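Residue-level structural notes
For reference, the chains in residue letters:
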Amino acid sequence: MKFIAFNGSPSGENSATKKMINSFLEGAKDAGAEVESYNLIDYDIKQCKGCFACWFQTPGKCVINDDMKNLLQAYQTADVVCFGSPVFSWNMTGILKNFVDRLVVLKSPLIAQEEGSFDMEDSKVRNQKYVAISNAGFPGEKNFEIIKAAFSCCNPSLEIYRNCGKLLKSKNPSVKSVVKEYLDTVKQCGYEMASEGKVSETSLKNLEMPLMSTEEYVKFLGM
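Residues numbered from 1 in each chain as written. Predicted model: local features only at pLDDT ≥ 70, side-chain atom pairs only at ≥ 80, totals over all residues. Heavy atoms only, no water.

1. Let's talk about the overall build of the chain
Note the threshold: The helix and strand labels rest on DSSP assignments: H or I over at least four residues marks a helix, E over at least two residues marks a strand, and numbering proceeds from the N terminus. Our radius of gyration is a C-alpha quantity, and the globule rule it is checked against amounts to 2.2 Å times the number of residues to the power 0.38. Here the term buried applies to any residue with accessible area under 20% of the maximum for its type, exposed to any over 50%, and partly exposed to those in between, with areas from a 1.4 Å probe on protein chains only. We call two residues contacting when some pair of their heavy atoms lies within 4.5 Å. Just so you know, the count uses Lys and Arg for positive and Asp and Glu for negative, and it drops His and the chain ends. A charge is said to be at NZ when it belongs to Lys, at CZ for Arg, at CG for Asp and at CD for Glu.
Per the secondary structure count, the chain includes eight helices and seven strands. In summary, the chain has a C-alpha radius of gyration of 18 Å against a globular reference of 17 Å for 223 residues, a match within 12%. Along the three orthogonal principal directions, the C-alpha set of the chain runs to about 60 × 40 × 35 Å. Taken over 223 residues, the chain has a buried fraction of 43%. Taking all contacts inside the chain whose residues are at least 6 apart in sequence as the whole, residues at least 24 apart take part in 71%. Counting 26 positive and 27 negative side-chain charges, the chain places the averaged centre of each group 5 Å from the other.

Now the structure itself:
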């Protein structure tokens with residue numbers, strides 16, 4: 001089994017999102033999965049032109065010559081695809097959105113409909129599972145409503161959302177101990193996903209653990 005994560009944070013390797021991804025993939029690796037991770041900020045990914053040449057002129061091949069070709073090859077080898085992004089202006093970053101838009105090359109000009117929801121059919125049958133990973137710099141649980149709606153389009157098997165995301169990179173000893181406990185749970189989710197194909201109710205509940213009260217967090221931010 002192969003897990004591949006695509007990190008849409010502009011902070012790349014130093015991002016809070018990457019900390020979550022690393023923990024998840026570490027758990028999957030411990031369970032025997034092959035893992036890969038890509039910081040999309042490090043790659044040249046141009047915007048989709050909406051020309052649909054990849055459907056009608058060069059099926060399965062984009063006319064844009066950039067790093068997306070190699071990223072697509074990696075994407076297609078994955079059994080589990082992880083999309084990671086901090087919340088920017090209520091949604092995923094433009095970096096991840098560019099990447100997702102360019103996945104249109106894997107679609108076909110055939111309309112599919114399921115329970116009133118319309119999409120384009122995949123050009124080839126795909127059995128991949130998807131995982132959504134996101135953090136928000138604000139406290140509260142409603143920061144993810146829009147990004148959840150966006151990720152719902154791929155019907156994720158697992159969603160990991162973390163508020164108070166600034167704490168994930170804190171060097172404060174007391175904060176670090178709480179963050180470690182949380183990231184250990186994220187790691188456990190990766191392990192269960194790779195070994196069982198799903199995550200236990202206990203781990204899902206543990207993902208909701210508070211890192212800090214809203215009042216403390218606002219003070220921590222200096223706001």
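2. Focus: the packing of aromatic side chains
Applied cut-off: The criterion for an aromatic pair is that two Phe, Tyr or Trp rings (for Trp, the six-membered ring) have centres within 6.5 Å, with stacked assigned to planes under 30 degrees apart, edge-to-face to planes over 60 apart and tilted to the rest. Counting as a charge over the ring demands two things of the Lys NZ or Arg CZ atom: a distance within 6 Å of the ring centre and an angle within 35 degrees of the ring normal.
All told, the structure shown has eleven aromatic pairs when counted by the stated rule. Every member of this aromatic cluster is reached through a ring pair, and the members are Phe6, Tyr38, Tyr43, Tyr75 and Phe99. The residue whose ring lies beneath Arg162 is Tyr182, and the NZ or CZ to ring-centre distance is 4.7 Å.

3. As for the packing of helix H1 (residues 16–30) against helix H6 (residues 173–196)
Where we set the bar: Axis lines are fitted to C-alpha atoms, over the contacting stretch for helices. Their N-to-C directions set the angle, which ranges from 0 to 180 degrees. If an angle is under 35 degrees, it is roughly parallel; if it is over 145, roughly antiparallel; if it lies from 65 to 115, roughly perpendicular; otherwise it is oblique. Here is the rule for handedness: rotate from the far helix to the near one, and if that takes an anticlockwise turn smaller than a right angle the crossing is left-handed, while a clockwise turn gives right-handed.
The geometry of H1 relative to H6 is characterised by a closest axis approach of 6 Å and an angle of 45° between their N-to-C directions. With respect to their mutual orientation, H1 and H6 come out oblique. Between H1 and H6 the crossing geometry is right-handed. Counted together, Lys19, Met20, Ser23, Phe24, Glu26, Gly27, Ala28 and Asp30 of H1 and Tyr182, Leu183, Val186, Lys187, Cys189, Gly190, Tyr191, Met193 and Ala194 of H6 form the full contact between these two elements.

4. Some details on the layout of surface pockets
Applicable threshold: Grid points spaced at 1 Å over the protein atoms alone were grouped into cavities, where a 1.4 Å probe fits but cannot get out, and pockets, open sets with protein on both sides within 12 Å along at least five of seven lines, with lining residues defined by an atom within 4 Å of a point. Grid points are joined across faces, edges and corners, and a volume is the space filled by probe spheres set on the points. Following the grouping adopted for this structure description, the nonpolar residues are Ala, Val, Leu, Ile, Met, Phe, Trp, Tyr, Cys and Pro, the charged ones are Asp, Glu, Lys and Arg, and the polar ones are all others, Gly among them.
As a volume, the largest pocket reaches approximately 1200 Å³. If you go around the largest pocket, you meet 31 residues; those closest to its centre are Lys107, Asp119, Cys153, Cys154 and Asn155. Broken down by secondary-structure element, the contributors of at least two residues to the lining of the largest pocket are helix H4 (94–102), strand S4 (107–114), strand S5 (117–122) and helix H5 (145–151). Tallied by class, the residues present in the lining of the largest pocket amount to 15 nonpolar, seven polar and nine charged.

5. Quick notes on empty space enclosed by the protein
Under the counting rule described, the total for this entry stands at one cavity of 30 Å³ or more. Counted as a void, the largest cavity has a volume near 120 Å³. Taken together, Cys48, Lys49, Gly50, Cys51, Phe52, Cys54, Cys62, Val63, Ile64, Arg102, Val104 and Val105 make up the full set of residues lining the largest cavity. Class assignment of the residues belonging to the lining of the largest cavity gives a composition of nine nonpolar, one polar and two charged.

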